[in-house]
Amino acid sequence: MCGIVGIVGRKPVSERLVEGLERLEYRGYDSAGIATIFEGELHRRRTEGKLVNLKARLKKEPLSGNVGIAHTRWATHGAPTECNAHPHFADGVAVVHNGIIENFSELKDGLAEVGAKFTTDTDTEVIAHLLTKFRRDGMGRLEAMHAMLKCVKGAFALAILFEDDPATIMVARNGPPLVIGHGDGEMFLGSDAIALAPFTNDITYLNDGDWAVLGETGVQVFDTEGKVVTRPRQISIATADLIGKGDHRHFMEKEIYEQPEAIARALAYYINANDNDLTTISTDIGFATVESLAISACGTAYLAGLIGKYWFERYARLMVEIDVASEFRYREIPLSPRSAALFISQSGETADTLASLRYCKAQGLRIGAVVNTRESTIAREADAIFPILAGPEIGVASTKAFTCQLAVLAALAIGAGKARGTITNDEEQGLVKSLVALPRLMRQVLNDIKPKIEHLSRELSNSRDVIYLGRGTSFPLAMEGALKLKEVSYIHAEGYAAGELKHGPIALIDQNMPVIVVAPHDRFFDKTASNIQEVAARGGRIILITDEMGASISKLPTMHTIVLPNVDEIIAPMIFSLPLQLLAYQTAVVMGRDVDQPRNLAKSVTVE
Ligand code: F6R
């Protein structure tokens, strides 16, 4: 979603503001802008589309000034035009905003009645007009800021410049994160630590409800009541190096190939490789005694949770209630306080997932957060944090975070089974041994399948629709394969449980329909093989992703077969993710898509 950057200091800021915005491009956006104060006056440049347009504008019309705020906008209210792009101005005030002001309509009517002239379709503009009004009413800057925060409802991260105070930036947070960066004679602000990586790693996270004043030598933070509070400083691990593309064309490609290393890091946290057992996870959520488990998440993280459900039910004999967070939060599910809940989120900031977490907390459940960002809101509000340790994921389409989420969920399910006595020590050791083999097997698969995938992706790029099928854990994986393809290539794709085919989707099959079947040689293989025959009988073009065993014993009517090594059932979802991710990636590359920033998508979805 929208990205915010700010700098206040003694050196020109405009180029560095754009550099910070470039670090936030991964979040998704459709227009951008910056504002500075120079010689006592506010100035701004805004453009539609990508940052190249803003850079071109700044080249023609440079912007001076040692204090400034910048923004990439992912449109919610109003089209992604230059006029709707942030910063928004109203008489001496400039505002950038990430989030949604829910009561903007009534505020707008009230402000219009007292003479405010609105020039955009955005919800954000009311903030600028509210501040101007309060200043005209005689309030000082701090007082006006506090009064404005009392009026607005919704989710927001804000950065504000007052023309009559060229030495400070005011900021506020209620929902979407804001990070303050401490520099040498200058202060920074960003939507996340990645934006600030080129400037500083000395950071302070604002809490929900905080607002603050940044000057060149420091920051003063206030809570909702306006009381001065102290927030800790910490060193961020997001270095400029860690978030480069290396030798890869796209972040998505880099992140796909980083998976063996990322999974090894994640597993090392949960597994004692010498003894093939789990380390004692000190932040347990009472798996031994809980009645059941609730899981909620969005998108790819939800599909990881769905695979986790199979594992928790099978190995820990725990009933799992799972739903996408946008439904979970409103279903009024009757949950027992003797249950636990897991929330899975790469960013740790997804609005619906956070709301589901708060619902479960209010019902008295113990809360676990499976997150990539340990400083995130979801992590901070949980009783136990289960880090996935994937490292920064910049490509909008999640790849390494997904497989690391799976690795962590597998470890947790085994841990829960052990704690509940539903698996024996030998079974635990066998399962852990399989997990330990993952990084090596993933490396091997990534090396082996590239040529085959390149060939297939050219063929797939001519398709209008694609169906993915699977059974057991390969069913959620089929949905993840379809999600990945539609996100980055814009080809319409759907994943179905193979057994559901006859109940409707089979009507779609004809000779133009590629059907990608995810079928390791597991207990479901023979049944999936029958479904393959049914598709072939109707002319469907089958691309089978199986293992050596599946390929050797079957004489299936497939158009193409991708053969992976035989692996234990618990690690099959991570191994079989690789061809699905690469196929989506390569197809999008062949089609010339913007792989790392697909249209309309945002990386961190901080509004519902
Ligand atoms: C798809 C993708 C999204 C996210 C979803 C949840 O490739 O990345 O579906 O998985 O928006 O995001 P997080 O995990 O940050 O809560």
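Residues numbered from 1 in each chain as written. Predicted model: local features only at pLDDT ≥ 70, side-chain atom pairs only at ≥ 80, totals over all residues. Heavy atoms only, no water.

## Points about the overall build of the protein
And step 1. Helix and strand content of the protein: 19 helices and 27 strands.
And step 2. Taken over C-alpha atoms, the radius of gyration comes to 25 Å for the protein, in line with the 25 Å a tight globule of 608 residues would show.
And step 3. Expressed along its principal axes, the backbone C-alpha trace of the protein runs to roughly 80 × 50 × 45 Å.
And step 4. Buried residues in the protein amount to 61% of all 608 residues.
And step 5. Within the protein, residue pairs in contact and separated by at least 24 positions form 71% of the contacts whose partners lie at least 6 positions apart. (Helix = DSSP H or I, 4+ residues; strand = E, 2+ residues; numbered from the N terminus. Rg over C-alpha atoms; globule rule 2.2 N^0.38 Å. Buried < 20%, exposed > 50% of the residue type's maximum accessible area, 1.4 Å probe, protein only. Contact = heavy atoms within 4.5 Å.)

## Some words on the packing of helix α4 (residues 125–136) against helix α5 (residues 141–151)
And step 1. In the contact formed by α4 and α5, the axes pass within 9 Å of each other and the chain directions differ by 130°. In terms of orientation, α4 lies oblique with respect to α5. Crossing of α4 over α5 shows right-handed handedness. Of the residues in α5, those touching α4 at Ile127, Leu130, Leu131, Phe134 and Arg135 are Arg141, Ala144, Met145, Ala147, Met148 and Cys151.
And step 2. Residue composition of the contact of α4 with α5, by class: nine nonpolar, no polar and two charged. (Axes fitted to C-alpha atoms, helices over the stretch in contact; angles between N-to-C directions. Parallel < 35°, antiparallel > 145°, perpendicular 65-115°, else oblique. Left-handed = near helix turned anticlockwise from the far one by under 90°. Nonpolar A, V, L, I, M, F, W, Y, C, P; charged D, E, K, R; others polar.)

## Details of the site of the ligand
And step 1. Taken together, the neighbourhood of the ligand is formed by 13 residues, with Ser345, Gln346, Ser347, Thr350 and Glu487 sitting nearest.
And step 2. Between the ligand and the protein, one listed contact pairs an oxygen atom with a backbone N or O atom of Gln346 at 2.6 Å.
And step 3. Between the ligand and Ser398, the relevant distance is 2.9 Å, taken from an oxygen atom to a main-chain nitrogen or oxygen of the residue.
And step 4. Here the ligand, which alone exposes 410 Å², has 90% of that area covered by the protein.
And step 5. Of all the secondary-structure elements, those providing two or more residues to the shell around the ligand are α9 (299–316) and α16 (474–489).
And step 6. Per-element tally for the shell around the ligand: the top contributor is α9, with three residues. (Near = heavy atom within 4 Å. Polar contact = N/O pair within 3.5 Å; in protein donor to acceptor, adjacent residues only side chain to side chain. Areas by Shrake-Rupley, 256 points an atom, 1.4 Å probe, with all protein chains shown as cover.)

## Describing the packing of aromatic side chains
Aromatic ring pairs are defined here through the distance separating the ring centres and the angle between the ring planes.
And step 1. Evaluated as defined, the whole model comprises five aromatic pairs.
And step 2. On the basis of an interplanar angle of 65° and a centroid distance of 4.8 Å, the ring pair of Tyr269 and Tyr270 is categorised as edge-to-face.
And step 3. Exposure remark for Tyr269: the relative accessible area of 37% places this residue in the partly exposed category.
And step 4. Between the aromatic rings of Phe328 and Phe343, the centroid separation amounts to 6.5 Å while the plane-to-plane angle is 85°, which identifies the pairing as edge-to-face. Residue Phe328 is located in helix α10 (residues 325–328), and its partner Phe343 is located in strand β20 (residues 340–345); the two are separated by 15 residues in the primary sequence. By the burial criterion, Phe328 is buried, and Phe343 matches it.
And step 5. Here Lys50 stacks its cationic end above the ring of Tyr29, 4.5 Å away from the centre of that ring.
And step 6. In this structure, Arg599 packs its charged tip against the face of Tyr490, placed 3.8 Å from the ring centre. (Phe/Tyr/Trp six-rings, centres within 6.5 Å; stacked < 30°, edge-to-face > 60°. Lys NZ or Arg CZ within 6 Å of the ring centre and 35° of its normal.)

## Focus: the packing of α16 against helix α19 (residues 572–590)
And step 1. In contact at an axis separation of 8 Å, α16 and α19 are set at 20° when each is read in the N-to-C sense. Of the possible angle classes, the one that applies to α16 and α19 is roughly parallel. Judged by the twist between their axes, the crossing of α16 over α19 is right-handed. The segment α16 lies against α19, with Leu477, Gly481, Lys484, Leu485, Val488 and Ser489 engaging Pro573, Phe576, Ser577, Leu580, Gln581, Ala584, Tyr585, Thr587 and Ala588.
And step 2. Its residues placed into classes, the contact of α16 with α19 shows nine nonpolar, five polar and one charged.

## A short note on unusual backbone geometry
And step 1. In this model, His86 is joined to Pro87 through a cis peptide bond whose omega is 0°.
And step 2. Checked against the element boundaries, Pro87 lands in the loop between β4 (67–73) and β5 (88–90).
And step 3. Despite not being glycine, Asp91 shows a phi value in the positive range, around 30°.
And step 4. Among the secondary structure elements, Asp91 is positioned in the loop between β5 and β6 (93–101).
And step 5. According to the relative accessible area criterion, Asp91 is exposed, its value standing at 58%.

## Considering the environment of Ala390
And step 1. For Ala390, the location among the structural elements is in the loop between β22 (384–387) and α13 (400–420).
And step 2. In contact with Ala390, other than residues within four places in its own chain, are Ala262, Arg265, Asn372, Lys400, Ala401 and Cys404.

## Some words on the UniProt feature "active site" (unreviewed entry) in the protein
And step 1. In the numbering used here, UniProt assigns the "active site" (unreviewed entry) feature to Cys2 and Lys603. For the residues just named, distributed over 602 residues, the greatest C-alpha separation is only 9.6 Å, placing them together at one site.
And step 2. Of note, Cys2 is situated in the segment before β1 (3–8).
And step 3. Excluding residues within four positions of it along the chain, Cys2 makes contact with Arg27, His71, Thr72, Arg73, Trp74, His97, Asn98 and Ser191.
And step 4. Checked against the element boundaries, Lys603 lands in the segment after α19. (UniProt positions renumbered as here; feature names shortened; annotations may be inferred.)

## Some details on the pattern of salt bridges
And step 1. The tally for this structure, following the rule as stated, stands at 38 salt bridges.
And step 2. Between Lys309 and Glu313 there is a salt bridge, with the nearest N and O atoms lying 3.1 Å from each other. Here Lys309 pairs with Glu313, and both are found in helix α9, just four residues apart, close to one helical turn.
And step 3. Lys309 gets classed as partly exposed once you look at its relative accessible area, which sits at 22%.
And step 4. Linking Glu454 and Lys450 is a salt bridge whose minimum nitrogen-to-oxygen distance equals 4.0 Å. One end of the pair, Glu454, and the other, Lys450, are both in helix α15 (residues 438–460), four residues apart, so they sit about a helical turn from each other.
And step 5. Owing to a relative accessible area of 29%, Glu454 belongs among the partly exposed residues under this scheme. (Salt bridge = Lys/Arg side-chain N within 4 Å of Asp/Glu carboxyl O.)

## As for the pairing of strand β10 (residues 187–190)
And step 1. Residues Met187 and Leu189 of β10 are buried on one face, and the alternating residues Phe188 and Gly190, pointing to the opposite face, are buried as well.
And step 2. When β1 meets β10, the two strands line up antiparallel, connected through four bridges. Looking across to β10, one finds that Ile7 is bridged to Phe188.
And step 3. Pairing of strand β9 (residues 179–182) with β10, which is carried by four bridges, proceeds in the antiparallel orientation. In the strand pairing of β10, Gly181 is matched with Phe188.
And step 4. The hairpin formed by β9 and β10 contains four residues between the paired strands, and Gly185 there has a positive phi angle of roughly 75°. (Pairing = 2+ DSSP bridges.)

## Thoughts on the nonpolar core
And step 1. If you look at the biggest cluster of nonpolar residues, it comprises 95 residues, and the most contacted ones within it are Trp311, Phe312 and Leu342.
And step 2. Counting residues per element, this core draws most heavily on α13, which supplies 13 residues.
And step 3. The two domains that each donate at least three residues to this core are domain 2 (245–423) and domain 3 (448–595).
And step 4. Apart from residues no more than four positions distant in its own chain, Leu342 is found in contact with Ile285, Leu293, Ala294, Ile295, Ser296, Phe312, Gly368, Val370, Phe386, Leu409 and Leu412.
And step 5. Counting 30 residues, the second-largest nonpolar core is a separate cluster that includes Val93, Met145, Phe162 and Trp211. (Core = buried A, V, L, I, M, F, W, Y, C linked by side-chain atoms within 4.5 Å. Domains from an automatic or database assignment.)

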